[in-house]
Amino acid sequence: MSATQPIKNIEDIEALKNYFFAVKPNMRNYAMTCLGINSALRIGDLLNLNWQDVYDFSKGRFLKHITTIEKKTGKRTQIALNRNAVEALNIYKESLLDVQPADFLFPGKHKGTALSRCQAFRVLNDAGHELHFEIEISCHTLRKTFGYHACKAGAQPTILMRVFNHSSFQNTKRYLGIDQDEKDEVFLNMNL
């Protein structure tokens, strides 16, 4: 089994989002994908979110930040909600009949439960297969996709290291598949 890779092509990201929005409409899966790609949260932390973590019910608007304690590291993290994440969450919220603050953001099959990691994997992996992606899509793909595109957009290496809690930028580059991109470029530029 190969390591999870980020989605490097913007058109593929749009295709994945559109798959859940229009091809096989499911606003929960659409919002989960959009928020996952735009927040860099680990899937366990993403699935553990409640509506009150993203929406201020007293003011009737989405929060500017998600504040959570990461399960893996035990560290408190604050993540700004960007426009795409808020738009997806708003579409999702409007598709629901009744939303309560303590409800899981991404509910599972049974009332009062969060979507399981296994089910989230199936949802994403099945979509990747139906879209004929060259890479295997998993839950971790969302987090890595965020990092890959943040790096390509010029995010400071030290910031990305902090986002992912890595000890060196070399680890972050390997994690995001950037080392392989750089190696590929050497070979592709050599046409002897």
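Look a little higher up for the structure.
These figures come from a predicted structure and were not determined experimentally.

**Considerations on the side chain of N29**
And then number 1: In this fold, N29 is placed in helix 2 (residues 27-39).
And then number 2: Here the side chain of N29 touches R28 through a polar contact of 3.0 Å, side chain to side chain.
And then number 3: If we skip the residues at most four places from it in the chain, N29 touches F20 and V123.

**Describing the nonpolar core**
And then number 1: Core analysis: the largest hydrophobic core is formed by 40 residues, its most contacted members being M32, L35, V54, L105 and F106.
And then number 2: Of all the secondary structure elements, the ones that give two or more residues to this core are helix 1 (10-23), helix 2, helix 3 (43-47), helix 4 (83-95), helix 5 (117-130) and helix 6 (139-152).
And then number 3: Among the elements that line this core, the one with the most residues is helix 2, at seven residues.
And then number 4: Those residues in contact with M32 that lie beyond four places of it in its chain are L46, L47, F106, L115, A120, V123, L124 and L142.
And then number 5: By size, the runner-up hydrophobic cluster in this structure holds nine residues, among which are A40, A150, Y175 and L176.

**A word on the pattern of salt bridges**
And then number 1: Counting across every chain of the model gives four salt bridges.
And then number 2: The partner of K17 in a salt bridge is E14, with the nearest N and O atoms 3.2 Å apart. Residue K17 and its partner E14 are both found in helix 1; the two are separated by three residues, about one turn of the helix.
And then number 3: K17 gets classed as buried once you look at its relative accessible area, which sits at 12%.
And then number 4: E14 sits in the partly exposed class, given a relative accessible area of 41%.
And then number 5: The salt bridge partner of E87 is R83, with a shortest N-O separation of 3.7 Å. Taken together, the residues span about one helical turn, with E87 and R83 both in helix 4 at a distance of four residues.
And then number 6: Residue E87 is classed as partly exposed on the basis of its relative accessible area, which comes to 40%.
And then number 7: Residue R83 is classed as exposed on the basis of its relative accessible area of 59%.

**Brief notes about the packing of helix 7 (residues 157-164) against helix 8 (residues 169-176)**
And then number 1: The geometry of helix 7 relative to helix 8 is characterised by a closest axis approach of 9 Å and an angle of 70° between their N-to-C directions. Taken together, the axes of helix 7 and helix 8 lie roughly perpendicular to each other. Contact with helix 7, carried on its side by P157, L160, M161 and F164, involves F169, T172, Y175 and L176 of helix 8 and no other residues of that element.

**Section: the environment of S138**
And then number 1: Of note, S138 is situated in the loop between helix 5 and helix 6.
And then number 2: Taking relative accessible area as the criterion, S138 reaches 11% and is therefore assigned buried.
And then number 3: The spacing of S138 and Q5 is 133 residues in sequence and 8.7 Å in space, taken between C-alpha atoms.
And then number 4: The contacts of S138, once residues within four sequence positions are left out, are T4, F121 and L124.
And then number 5: At 3.1 Å, the side chain of S138 and the side chain of T4 are in polar contact.

Cut-offs used in this document
- Residues numbered from 1 in each chain as written.
- Predicted model: local features only at pLDDT ≥ 70, side-chain atom pairs only at ≥ 80, totals over all residues.
- Heavy atoms only, no water.
- Helix = DSSP H or I, 4+ residues; strand = E, 2+ residues; numbered from the N terminus.
- Polar contact = N/O pair within 3.5 Å; in protein donor to acceptor, adjacent residues only side chain to side chain.
- Contact = heavy atoms within 4.5 Å.
- Core = buried A, V, L, I, M, F, W, Y, C linked by side-chain atoms within 4.5 Å.
- Buried < 20%, exposed > 50% of the residue type's maximum accessible area, 1.4 Å probe, protein only.
- Salt bridge = Lys/Arg side-chain N within 4 Å of Asp/Glu carboxyl O.
- Axes fitted to C-alpha atoms, helices over the stretch in contact; angles between N-to-C directions.
- Parallel < 35°, antiparallel > 145°, perpendicular 65-115°, else oblique.

These values are about where atoms sit, not about what they do.
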